[in-house]
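Results of the structural survey
Each chain is listed here by its residues.
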Amino acid sequence: MSKKKVIIIGSGMGGLTCGVILAKNGYDVTVLEQGLQLGGCLQCFSRHGARFETGMHFIGSAADGQTLDMLLQYLEVKKDIQLSPLDADGYEVIALNGRRYRFAQGRDAFIRQMTEYFPHQYENLVHYFDLVEKVAGASTLHSLKHAESDAAINTEYLMRSINEVIDSIITDPELAKVLVGSLPLYAAEKDKTPFSTHAFIMDFYNQSAYRVAGGSDSIAKSLIHTIEKYGGRVLNRSKVTKIVCDDYHATGVEINGTELMAADYFISDAHPMRTLELLDTKLIRPAFRQRINDMPQTVGSFSIYLEFKENTMPYQNYNFYGYRSESPWNCEQYDETSWPKGYLYMHFCSENPPVIYPSSPYTPRYAQTGVIISYMQMLEVKQWIGTKVAHRGADYEAFKQRKADILLDAVEQEFPGLRDSIKHYYTSTPLTYQDYTGTEGGSMYGVARDIHLGVACRVPQRTKVPNVFQTGQNINSHGILGVIIGTIVTCSEFLTAEKIYQQILAANKS
């Protein structure tokens, strides 16, 4: 009996993990990537010998037996990567209103640390963390507890905003702001983003947090190797220009405008709007196209990639969130004089020591590279839409230089001497991100969640074409755990969720 053929469009985390799961289960998998480099946001880039991350800056819940650790074992990645832990006493540092607040890992340590800052909030902090764990644990997908969930909790906290829930628990306004200090990790918006998103992120990283030593492209390389191990293929420079359909279903894809490749099933790891652009068929009704096209997108970003002079910048094993305004909220709403209202500053664990995870923890003494990220609306670079990378003109380069100077000045206030440690730096805007990932409007995390829109901003894994499916950060949520969970949802259309859960458990038996 011949294997069923599956074509996966895009080699990001979603496409590659779908490829691994299906290839392991006997499907004939081909992953098609339009670019030269594979991996989507897992890819790294090099300039003058220095390596930089593009999207997967750090991961959580990867200690032995935790959720991501179990998934990495199932995907056969764990053996191929080396993880470097962030500071358990302060993996996140929030600088707000002249003070610095550290997030300690683990429930008890987190509550104890926050209580030191806010002595009268202990009971409220316990209530807050109880709720975080309750919401995260209510999801079968995030807790890997198949057939165990609390639908009422899931529904309630998908419909209540982060700030509304936190303000109902925390009576100190400053603490309420500190607790959302890491919101650039998910580009949350006040009165819009559901509390469930915050709970999943807080639970994920508070359990444990790591950087991938040597770069997260090692994850992509491992996934590609596993796909090939089970008989699949991953092809670059293979841009899907059309999904070919008859009156009933998809029959194949057009590659680079010429070659046709047939298959039984198709999975798109592209942004939903890009996927619909490939489907010229009456099976997709105009109303559905309009709903997808009307979905709000998260804000874009401006990034400065830093290469430090040798042995000048001590490595920071924490993430730093600096705020020049009085609150982490509404940093996406700025003008020429108020930007940047906030930023995220991180170092990369650039070195890759000759040991294999989960060997002894590795922390470099000095940083080789790092990044500063601040929000940027696509409107700011609108005049250069349609231009190509490295060919946008002198005005664009001058714009980036001016923005870089402003952002570096802001970070220098918190880290005096930063500029003196920089050997080279490089910049990117929402245009860059759009070109490399295909995300709409250069958004950081794709489709934005909005409690007022409910299911209208939920992207289904199924399309109206019976054998065409979607995966990636828009199906569930962004980030490595959110995307893998999205692939489980997508692959459940082929295998059932219960079968995948059983395989995960079997892969993790000692």
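Residues numbered from 1 in each chain as written. Predicted model: local features only at pLDDT ≥ 70, side-chain atom pairs only at ≥ 80, totals over all residues. Heavy atoms only, no water.

1. Brief notes about the overall build of the chain
Looking only at helices and strands, the chain features 17 helices and 20 strands. Its C-alpha radius of gyration of 22 Å places the chain within 12% of the 24 Å reference for a compact globule of 510 residues. By its C-alpha atoms, the chain is 65 × 55 × 50 Å across when sized along the principal axes. Split into buried and exposed, the 510 residues of the chain put 58% on the buried side. Considering only contacts within the chain whose residues lie at least 6 apart along the sequence, 73% involve residues at least 24 apart. Accessible surface, the chain as shown: approximately 21,200 Å² in total, 50% of it carbon and sulfur. Looking at the chain, you have 49 positive and 56 negative side-chain charges, and the mean spots of the two groups are 5 Å apart. (Helix = DSSP H or I, 4+ residues; strand = E, 2+ residues; numbered from the N terminus. Rg over C-alpha atoms; globule rule 2.2 N^0.38 Å. Buried < 20%, exposed > 50% of the residue type's maximum accessible area, 1.4 Å probe, protein only. Contact = heavy atoms within 4.5 Å. Areas by Shrake-Rupley, 256 points an atom, 1.4 Å probe, with all protein chains shown as cover. Lys, Arg positive; Asp, Glu negative; His and termini not counted. Charge placed at Lys NZ, Arg CZ, Asp CG, Glu CD.)

2. Notes on the packing of aromatic side chains
Considering all chains together, one arrives at 23 aromatic pairs under this definition. Each ring, one from Phe58 and one from Tyr205, has its centre 4.3 Å from the other, and the planes form 25°; the classification is stacked. On the criterion of sequence distance, the pair formed by Phe58 in the loop between β4 (50-53) and β5 (59-60) and Tyr205 in helix α9 (residues 195-207) is long-range, its members being 147 residues apart. Neither residue differs from the other here; Phe58 and Tyr205 are each classed as buried. Taken together, a centroid distance of 6.4 Å and an interplanar angle of 65° make the contact between Tyr91 and Phe103 edge-to-face. Here Tyr91 is found in the loop between β6 (83-85) and β7 (92-96), whereas its partner Phe103 is found in strand β8 (residues 99-103), with twelve residues between them in sequence. Across the pair, Phe103 and Tyr91 agree in class, each one buried. Chaining the aromatic ring pairs together yields one cluster made of Phe45, Phe52, Tyr305, Phe348 and Tyr426. Above the plane of the ring of Phe415 lies Arg100, whose end atom (NZ or CZ) is 5.1 Å from the centre. (Phe/Tyr/Trp six-rings, centres within 6.5 Å; stacked < 30°, edge-to-face > 60°. Lys NZ or Arg CZ within 6 Å of the ring centre and 35° of its normal.)

3. Quick notes on the confidence of the model for the chain
Residues at a pLDDT of 70 or more form 95% of the chain, whose mean pLDDT is 91. For residues 354-359, every residue scores under 50 in pLDDT, and the model assigns this stretch 13 contacts once sequence neighbours within four places are set aside. (pLDDT = per-residue confidence, 0-100.)

4. Remarks on the pattern of salt bridges
Tallied over the entire structure, the rule returns 23 salt bridges. Close ionic contact of Lys24 with Glu76 constitutes a salt bridge, the shortest N to O distance being 2.9 Å. Placement of the pair is Lys24 in helix α1 (residues 13-24) and Glu76 in the loop between α2 (67-74) and β6, with a sequence separation of 52 residues. When its relative accessible area of 26% is taken as the criterion, Lys24 is described as partly exposed. Of the charged contacts, one joins Lys79 and Asp80 as a salt bridge, the two residues approaching to 3.4 Å between their closest N and O atoms. Among the residues examined, Lys79 registers a relative accessible area of 45% and is labelled partly exposed. If you follow the salt bridges from partner to partner, you end up with Lys24, Glu76 and Lys229 in one network. (Salt bridge = Lys/Arg side-chain N within 4 Å of Asp/Glu carboxyl O.)

5. Observations regarding unusual backbone geometry
Cis peptide bonds are those with omega within 30 degrees of zero, and the linkage from Trp339 to Pro340 qualifies with -5°. Within the secondary structure layout, Pro340 lies in the loop between β16 (319-323) and β17 (342-347). Positioned with a positive phi, Ser61 is a non-glycine residue whose angle comes to about 50°. Inspection of the secondary structure assignment puts Ser61 in the loop between β5 and α2. Positive phi is not limited to glycine here, since Ala187 has a value of about 50°. Tracing the backbone through its elements, the reader meets Ala187 in the loop between α8 (173-178) and α9.

6. Some thoughts on the sheet that holds strand β2 (residues 28-32)
Here five strands make up an open sheet; going across it, the order is β10-β2-β1-β14-β20 and the pairing parallel. Taken across any chain shown, the strands that pair with only one partner, and hence form the sheet edges, are β10 (233-235) and β20 (468-470). Across this sheet, the average inter-strand angle for adjacent strands is 20°, counted without regard to direction. Sheet contacts for α1: β1 (5-9), β2, β10 and β14 (265-268); angle to β2, the most-contacted strand, approximately 170°. (Pairing = 2+ DSSP bridges. Axes fitted to C-alpha atoms, helices over the stretch in contact; angles between N-to-C directions.)

7. Some remarks on the environment of Thr337
Relative to the helices and strands, Thr337 is located in the loop between β16 and β17. Thr337 gets classed as exposed once you look at its relative accessible area, which sits at 72%. Thr337 sits 60 residues away from Glu397 along the chain, and the two C-alpha atoms are 20 Å apart. Among the polar contacts listed, one links the side chain of Thr337 to the side chain of Asp335, at a separation of 2.8 Å. (Polar contact = N/O pair within 3.5 Å; in protein donor to acceptor, adjacent residues only side chain to side chain.)

8. A closer look at the packing of α2 against helix α16 (residues 479-495)
Where α2 meets α16, the closest approach of the two axes is 11 Å, and the angle between their N-to-C directions is 55°. Relative to α16, the element α2 is oriented oblique. Of the two elements, α2 crosses α16, and the hand of that crossing is left-handed. Contact with α2, carried on its side by Thr67, Leu68 and Leu71, involves Ile480, Leu481, Ile484 and Ile488 of α16 and no other residues of that element. Classifying every residue of the contact of α2 with α16 by side-chain character gives six nonpolar, one polar and no charged. (Parallel < 35°, antiparallel > 145°, perpendicular 65-115°, else oblique. Left-handed = near helix turned anticlockwise from the far one by under 90°. Nonpolar A, V, L, I, M, F, W, Y, C, P; charged D, E, K, R; others polar.)

9. Some thoughts on the nonpolar core
Within soluble globular proteins, side chains that are nonpolar tend to cluster in buried spots. In terms of nonpolar packing, the biggest core is built from 109 residues, with Tyr128 and Phe195 touching the most fellow members. In terms of residues, this core owes the most to one element, α16, which gives nine residues. Those residues within four positions of Tyr128 in sequence are excluded, and the remaining contacts are Phe110, Ile166, Ile169, Ile170, Leu179, Phe195, His198 and Met202. With 33 residues, the next largest nonpolar core counts Trp339, Ile372, Val411 and Leu431 among its residues. (Core = buried A, V, L, I, M, F, W, Y, C linked by side-chain atoms within 4.5 Å.)

10. Re the pairing of β1
Most of β1 is tucked away: four of the five residues are buried. As a crossover connection, the stretch from β1 through α1 into β2 is right-handed. Where β1 and β14 come together, four bridges link them in parallel fashion. Note that in β14 the partner of Ile9 across the bridge is Ser268. (Right-handed = clockwise from strand over helix to strand, strands pointing away.)

11. With respect to the sheet that holds β5
Pairing between sheet strands relies on hydrogen bonds along the backbone, with the strands arranged either parallel or antiparallel. Ordered in space as β5-β9-β6, the three strands form an open sheet in which the pairing is antiparallel. The outermost strands of the open sheet, each flanked by one partner alone, are β5 and β6. As paired strands, β6 and strand β9 (residues 209-212) are joined by three bridges and run antiparallel to one another. Bridge pairing links Ser84 to Arg211 in β9.

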